[in-house]
Each structure stands twice: as C-alpha cells, then as structure tokens.
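Given next are the chains, with one letter for each unit.
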Amino acid sequence: MSDSDSEGGVPLIEAEFDVTANSKKRKAEADVEGGIDSKKEKKKAKRKLKKQTKAKNIDEDDLDQELGVNHAFERMDGQLVADYVNARTRLYGKDLSSVELEDKFIPARTVYDSTSFNDPRKLDNLPVFLKKQFGDLKATPNKPTGAPHTIVVTASGIRAADVCRSLKAGLPKQGVKDAKVEKLFAKHLKLADQVASLKRNRVDYGVGTPDRLSALLDEKALSTANLKRVVVDVSYIDQKKRGILDMKDLHEPLIKLLLRKEFLGEDKEAGDELFVFY
C-alpha cells in the first residue's frame, strides 16, 4: 500500500452536520459572494463549501488496529456501501463537474448485501465468508482459460499474496477442493508471464491489484466468462488505519476497474450484485 498521505487518509462514514453549520454556512456563502462576480464561480464555491461541511470521520472504535479491520463495513448494506464509495469519489474529484462525477459513481444495485455475515472481516475469515455467502463455489471448467468465478481486489501486492495464501489454506477446510488461485499483481511478477499463464490455465480465483487487473483485462488474458463476483478487500486497514478507499492513488484505479464494461456492460446496466465489499 502506498505511504502517501496526500488526499484523504481518514475514513468517512456518513453525512453529519454541526448544529451551528447553517449559520456558519450562510456567513461563509456571504463572504464568498462578496468577492466573486461570476454566477458560475459562485455556484462552484458554494458546492465546495457544502462538501467541506459534510465529511464526518468514521467512529474510531470501528478501526481495529489489532485485527487490521474496519468493522464499519460489517454493518453496511449495498446502498450504504455505494454511498460511502461515492462519497470518497466525490471527495477526490473536487475539480470535476457534477456530470463527470456521476459517471464515476457505482450504482447501489451492483453492490451485494453481505450484512448477514456477522464475524469480523479479517483475512482468515475470507474463505468462511465466501462459503457461507455463495455456497459450494464449484470449480470453473477447463475452457475458457483465465476465467475465474471470483476476482479479489486488494490494495497492494503484499496484501494480495496474503489473500492467496489464505484462500489456499482456508478453502479446503470449507470443503472446496483443488481451488485454482492465481496471483494477479505486479510485485515481482511480469505482466507477460501472467498473460501467458492465464491463457494456458484454468482459474477459480484471481487475486490482484486494480491496475494489474485492468491491464490483464486490456490484454484480454483475464476473462469474465465465468465471473460471478468481484470481492473488494475493503475492510483491511494498515498500521495508519487506512484502507483501499482512504487514499486517492488507490481509490481511483479501483473505481476505474469496477466501472469497466466487462463488469457493467456497454450501457452500464449489467452487474447486479456483482461487487462484494468484504
């Protein structure tokens, strides 16, 4: 995970307001309008002010540094997850128009509601989570190659490697035998080698980072022919209590990946409950 602290770095949860916000806002708007002549500039300044008043830090009690887990996602249904993700997109897209921002929002219908899983969303519980939520997790057929039924998106190559080990160790304990887990991240792994491997082998689980997964889709090596879910490793937090949504340089490639036509279709009408935020 990047150590960059620019843009974000503090989890958000929902819109809340100071009891004195309205009077403060009116005063700030008056100050803004006093120095701006253009109506367009006034509107832009008001939007910026509104965004600044909306952000509220996530409850510190939800950030479990010992487990490396943000527990807030355990209570979020599909709509709340979409709202959270889109709030982050809005935060990082301060220079974008409202139309440009809307093009980067994920629809709530694409987010699977996993609130029925009550255990902490730590790494060791991922195989248990997949089994309880999605049943027998049947292996993919030999053809087409490079077409997993599950893609797992992580914040870094190191984290992806940890996820691969967890799946390989944990899935057999859940009765899932001979699961083919493919490492799809950039750390010490060449793109050309991964392309060759995907074109040659059957895959059940593809685990990687947003940029590398996008590159493999571009190369048409990673297929979505068997795809049933895209799991986003969203609950994981690092030592600075940041997750994949809490830094602009991780959030933006993630959103770019999730909005690809391979997942949502050309008209962005497909992908119902495809995204699973773990």
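Above this text is the structure in question.
Here goes a summary of the coordinates provided. Computed from a predicted structure; not experimentally measured. (Residues numbered from 1 in each chain as written. Predicted model: local features only at pLDDT ≥ 70, side-chain atom pairs only at ≥ 80, totals over all residues. Heavy atoms only, no water.)

### Observations regarding the nonpolar core
- Counting residues in hydrophobic clusters, the biggest one holds 39 residues, and the most contacted among them are V230, F263 and F277.
- Sorting the residues of this core by element identifies α3 (78-92), β3 (150-153), α7 (191-200), α8 (210-218), β6 (229-232), α9 (248-258), α10 (261-264) and β7 (275-277) as the ones contributing at least two each.
- Per-element accounting of this core gives the leading share, 5 residues, to α9.
- Among all residues touching F277, those that are not within four sequence positions of it are V81, V85, I106, V111, S114, R121, V232, V234 and L258.
- The next biggest cluster of nonpolar side chains, apart from the first, holds 24 residues, and it includes L130, L137, A160 and V276. (Core = buried A, V, L, I, M, F, W, Y, C linked by side-chain atoms within 4.5 Å. Buried < 20%, exposed > 50% of the residue type's maximum accessible area, 1.4 Å probe, protein only. Helix = DSSP H or I, 4+ residues; strand = E, 2+ residues; numbered from the N terminus. Contact = heavy atoms within 4.5 Å.)

### Thoughts on the packing of aromatic side chains
- The final tally for this structure, using the stated rule, is 6 aromatic pairs.
- Aromatic side chains F73 and Y84 sit 5.2 Å apart centroid to centroid with 75 degrees between the ring planes, which places their arrangement in the edge-to-face category. Remark: Y84 occurs in helix α3 and F73 occurs in the loop between β2 (69-70) and α3; sequence separation between them is 11 residues. As far as the burial class goes, F73 and Y84 line up, both buried.
- Between F129 and F134 the ring centres are 6.4 Å apart and the planes differ by 80 degrees, which places this aromatic pair in the edge-to-face class. Like F129, the residue F134 is buried in the burial classification.
- Every member of this aromatic cluster is reached through a ring pair, and the members are Y112, F117, F129, F134 and Y278. (Phe/Tyr/Trp six-rings, centres within 6.5 Å; stacked < 30°, edge-to-face > 60°.)

So, to be careful, I would describe these as geometric facts and stop short of saying anything about function.
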